[in-house]
Amino acid sequence: FDGMKSFGLILVFLSIFLLVDATKIPILLDSSDDPCLLPSFSSTRQFWSYGQTFSCMKGIMSTTSDQQSVITSISKTMTSYVFRDIVRDSPTSAGLLPISVDIQGSLQAINNQIPYSADFLFQQDITKIFRALKDPHTLYTKPEACYSLYALQPFTLSSRIDSNANQVIYIKSAPYAPEFWNGMNFTQYVGQTIQTINGADAMQTVQDYSIEAGFISKDRGTLFNYALRKYLMRSLVLDDFPSTNTLRYQIGDFPEISIPWVFVNPTTANLSISSECLSIKPKASWSDPSSHSLLRDFHQSQNFVDSFNSDSTFNLNSTSNLKMTPLFNSTSISSFVMDDTLIIKIENFEPDNNTLFLEVVNNTLQYGYDNELYDLILDLRGNGGGDICLGYQVITFLTQEQFPEGRYDVIHSDLNSLLFTTLAEPQYAGMDFSPESWQNEADQPYTNISWYEPGNVWTRGGVASNYSDFVHLGCLDPTIGLPEFYLLILTDGLCGSTCAVFSSHLGQADHVQSVVVGGINNQDQQYFSFPGGEVMQMDYFLQLAQELNLSSSVLPSPFPNSASLTFAFQEIYTWNFPGEFPEYPLEFQYRPSTYRLFEWDWESPSDLYSDVTQFFASKKK
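Definitions and cut-offs
- Residues numbered from 1 in each chain as written.
- Predicted model: local features only at pLDDT ≥ 70, side-chain atom pairs only at ≥ 80, totals over all residues.
- Heavy atoms only, no water.
- Helix = DSSP H or I, 4+ residues; strand = E, 2+ residues; numbered from the N terminus.
- Buried < 20%, exposed > 50% of the residue type's maximum accessible area, 1.4 Å probe, protein only.
- Areas by Shrake-Rupley, 256 points an atom, 1.4 Å probe, with all protein chains shown as cover.
- Salt bridge = Lys/Arg side-chain N within 4 Å of Asp/Glu carboxyl O.
- Disulfide = S-S within 2.5 Å.
- Axes fitted to C-alpha atoms, helices over the stretch in contact; angles between N-to-C directions.
- Parallel < 35°, antiparallel > 145°, perpendicular 65-115°, else oblique.
- Left-handed = near helix turned anticlockwise from the far one by under 90°.
- Contact = heavy atoms within 4.5 Å.
- Nonpolar A, V, L, I, M, F, W, Y, C, P; charged D, E, K, R; others polar.
- Core = buried A, V, L, I, M, F, W, Y, C linked by side-chain atoms within 4.5 Å.
- Pairing = 2+ DSSP bridges.
- Right-handed = clockwise from strand over helix to strand, strands pointing away.
- Polar contact = N/O pair within 3.5 Å; in protein donor to acceptor, adjacent residues only side chain to side chain.
- Phe/Tyr/Trp six-rings, centres within 6.5 Å; stacked < 30°, edge-to-face > 60°.
- Lys NZ or Arg CZ within 6 Å of the ring centre and 35° of its normal.

A. The overall build of the protein chain, seen in detail. Summing up its helical and strand segments, the protein chain has 16 helices and 27 strands in all. By the burial criterion, 59% of the 621 residues in the protein chain qualify as buried. Carbon and sulfur atoms provide 48% of the accessible area of the protein chain, an area that totals close to 23900 Å².

Right, dumping it as structure tokens:
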């Protein structure tokens, strides 16, 4: 999921004490005849003002027929969205935001407004529908060839509890100032509380933004944690164009300041922000359909911050963490020992080599067993998922469970029926989504379409629809782990997809306790987000249809540009227990963490882990 020679740079002039009209700030234009060509920032350090960016964006014009084609293709594809009914009126939950989205009705409303005067207005209306789902598996991404820009303010944010026991927003760092705002030094504001933004309470402003623009979770605390990182660094392929050209801040005891947005191209290629960009299409690429992973915008943007600010994230191998001794590591995973506690940090479940990844798990457990160290922290903060089979296999290492797989189903649609009926023909045996891809609840592979039809009828969101039988993915060879350790799950709520399945299974089936950091003070918070089931790309469905030589009116057409669409194709339920049937899929079940740490920053990982170790004693009592 995932240059041009520099001709110099005119820096933005910023007056700290006066309001600045960002649309009048001089900027450097490329020496070519294209005033809307923005080179890669990494090679040129070039940026644009609000006015220049807005002027170029409103000049991107898509045709009426292309706008209609996009809406039609989304509409056809989303009939296979497994949550299409339940999101119309999601079940009442004490901890999750209610979802009320009529996808087809919303698409029709956009269709009724065609033609739009500017393409970015059309694109923003589509992305608003998908953000409201609060389901990162299900995203429409604007054409990347046109809109791969970041809108930046000079600060990164964090939160804390002040001396009056109120939660506040404060400035964590100012990594970009020398580059973008005429060399102004914003470091004097670092550590200061932001009282107001645009005249409104800063804490409430960030919370409101997290709910309106956030899509990473249905949990308010997790949305807030995400907004702290994204409110002042917005990706225009997913976010709306900022509604004002500046943000006004009241910071500490300083006079109010007004700071303009600036825009950069974080890609390695030049961006031509003009109608020609709509004719650019991406190279064909499809992810493994077994992948349970979100778009990596969060991690890509964090890497962009890190390129300016080496202190913005923990370095687990830093010399400041003298209490932590590294043990084993491979891509996506590393382990440490700190006093009598083991730590396994899993960045994601997408390593270069699954065998090496599992060796880190096994070697860490063996080290603990040999040294009589049984307290183990599983650090899953910011883990966006990956290979679901790998997630299940790690469970078997940690718990001695042999078959931890969850139950899945898919919703009936004309598009699904066309593909699955065709793939049930003998000549397609072994292909993705052929009957052999699924196992029944006795873990026996199917040989025909009986996994899909007639299926079951469930009423959700006031709509009765057919769903397939419950199936397993059949991706496990039984593995026997070492004797059980005392496990603690550590997250910030940003543990999604495979990570959500992995952690929620440990919590439900193995009674592993969890600790969530950050969030909103004195509120419970779920320790995982968007378990979904399985994410699918519209383009992958089109690839399958092409390989099967299918031609049907139910098939969507490829987008006429570099936009993309992913959606939750399967839903996962909780695990088998005698006589128990979950009324709703795991995506809509609320599981608050066992413990909360209302802290947002630590000097080092060892400080964080030291705070977490207090909860081992609670479990052992």
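B. Structural detail: the pattern of salt bridges. Enumeration over the complete set of coordinates arrives at 12 salt bridges. A salt bridge links Asp240 to Lys128; the nearest nitrogen and oxygen atoms lie 3.9 Å apart. Of the two residues, Asp240 sits in the loop between strand 9 (233-235) and strand 10 (246-251) while Lys128 sits in helix 5 (residues 119-131), which places them 112 residues apart along the sequence. A single network of salt bridges, built from pairs that share partners, joins Lys128, Arg131, Glu212 and Asp240.

C. How the structure looks around the state of the cysteines. The full count for this structure, using the stated rule, is four disulfides. Paired by a disulfide, Cys146 and Cys277 hold their sulfur atoms 1.9 Å apart. With the S-S bond torsion at 105°, the cross-link from Cys146 to Cys277 turns out right-handed. One end of the pair, Cys146, is in helix 6 (residues 144-147); the other, Cys277, is in the loop between strand 13 (271-272) and strand 14 (291-293), with 131 residues separating them in the sequence. Judged by relative accessible area, which is 0%, Cys146 ranks as buried. Between the sulfur of Cys389 and that of Cys475 lies a disulfide, 2.4 Å long from S to S. Around the S-S axis, the bridge from Cys389 to Cys475 shows a dihedral of about -120° and counts as left-handed. Here Cys389, found in helix 12 (residues 388-399), pairs with Cys475, found in the loop between strand 22 (463-467) and strand 23 (486-491); they are 86 residues apart in sequence, far enough to count as distant.

D. Representation of the packing of helix 3 (residues 64-77) against helix 5 in the model. Direction vectors running N to C along helix 3 and helix 5 enclose 10°, while the axes themselves pass 11 Å from each other. Judged by the angle between their axes, helix 3 and helix 5 are roughly parallel. As for the relative orientation of helix 3 and helix 5, their crossing is right-handed in sense. Residues Gln67, Val70, Ile71 and Ile74 of helix 3 pack against Phe122, Ile126 and Phe130 of helix 5. In the contact of helix 3 with helix 5, the residues fall into six nonpolar, one polar and no charged.

E. Representation of the nonpolar core. Residues Ile74 and Leu398 are the most contacted members of the largest nonpolar core, which totals 94 residues. Tallying contributions element by element places helix 12 first for this core, with eight residues. Trp48, Phe155, Phe215 and Tyr249 belong to the second-largest nonpolar core, a separate cluster that totals 68 residues.

F. Highlighting the side chain of Asn416. Note on placement: Asn416 falls in helix 13 (residues 414-423). Taking relative accessible area as the criterion, Asn416 reaches 0% and is therefore assigned buried. Not counting residues within four places of it along the chain, the set of residues in contact with Asn416 comprises Ser80, Ile411, Tyr452, Phe541 and Phe569.

G. Structural detail: the pairing of strand 18 (residues 375-379). In terms of burial, strand 18 is largely enclosed, as five of its five residues are buried. The alternating pattern of strand 18 places Asp375, Ile377 and Asp379 and Leu376 and Leu378 on opposite faces, both of which are buried. With five bridges connecting them, strand 17 (residues 341-346) and strand 18 associate as parallel partners. Opposite Ile344, over in strand 18, you have Leu378 as the bridge partner. The β-α-β motif built from strand 17, the intervening helix 11 (residues 354-370) and the parallel element strand 18 has right-handed crossover chirality. Of the pairings in the sheet, the one linking strand 18 to strand 23 comprises five bridges and is parallel in character. Of the residues in strand 23, the one forming a bridge with Leu378 is Ile489.

H. Region of interest: the sheet that holds strand 23. With mixed pairing, seven strands are arranged side by side in an open sheet as 15-16-17-18-23-24-27. Of all the strands in the sheet, just strand 15 (324-330) and strand 27 (595-597) have a single pairing partner and so form its edges. Pairs of neighbouring strands in the sheet enclose a mean axial angle of 20°, with direction left out of account. The strands touched by helix 11 are strand 15, strand 16 (333-338), strand 17 and strand 18; relative to strand 15, the strand with the most contacts, the crossing angle is about 145°.

I. Up close: helix 9 (residues 220-230). Buried residues dominate helix 9, accounting for nine of its 11 residues. Of all the positions in helix 9, only Gly221, Thr222, Leu223, Phe224, Asn225, Tyr226, Ala227, Leu228 and Lys230 are classed as buried. Two or three places before Gly221, at the opening of helix 9, Asp219 has a side-chain oxygen 2.8 Å from that residue's backbone nitrogen.

J. Local environment of the packing of aromatic side chains. One pass over the full model with this rule turns up 38 aromatic pairs. Connected via pairs of aromatic rings, a cluster forms that spans Phe420, Phe433, Trp438, Trp451, Tyr452, Tyr540, Phe541, Phe567 and Phe569. Geometry around Phe588 places Lys218 over its ring, the cationic atom sitting 5.0 Å from the centre. Its guanidinium or amino end placed over the ring of Tyr467, Arg460 lies 4.9 Å from that ring's centre, counting from NZ or CZ.

K. Quick peek at the pairing of strand 15. As paired strands, strand 15 and strand 16 are joined by five bridges and run antiparallel to one another. Across the sheet, Thr325 pairs through a bridge with Val337, a residue of strand 16. Between the antiparallel neighbours strand 15 and strand 16 lie two residues, among them Ser332 with a positive phi of about 80°.

L. How the structure looks around the sheet that holds strand 9. In space, the four strands of this open sheet follow the order 2-12-4-9, with antiparallel pairing throughout. Of all the strands in the sheet, the pair left with one neighbour each is strand 2 (48-49) and strand 9. In this sheet, strand 12 (residues 262-264) lies alongside strand 4 (residues 150-152) in antiparallel orientation, the contact comprising three bridges. By the bridge assignment, Ala151 is partnered in strand 12 with Phe263.

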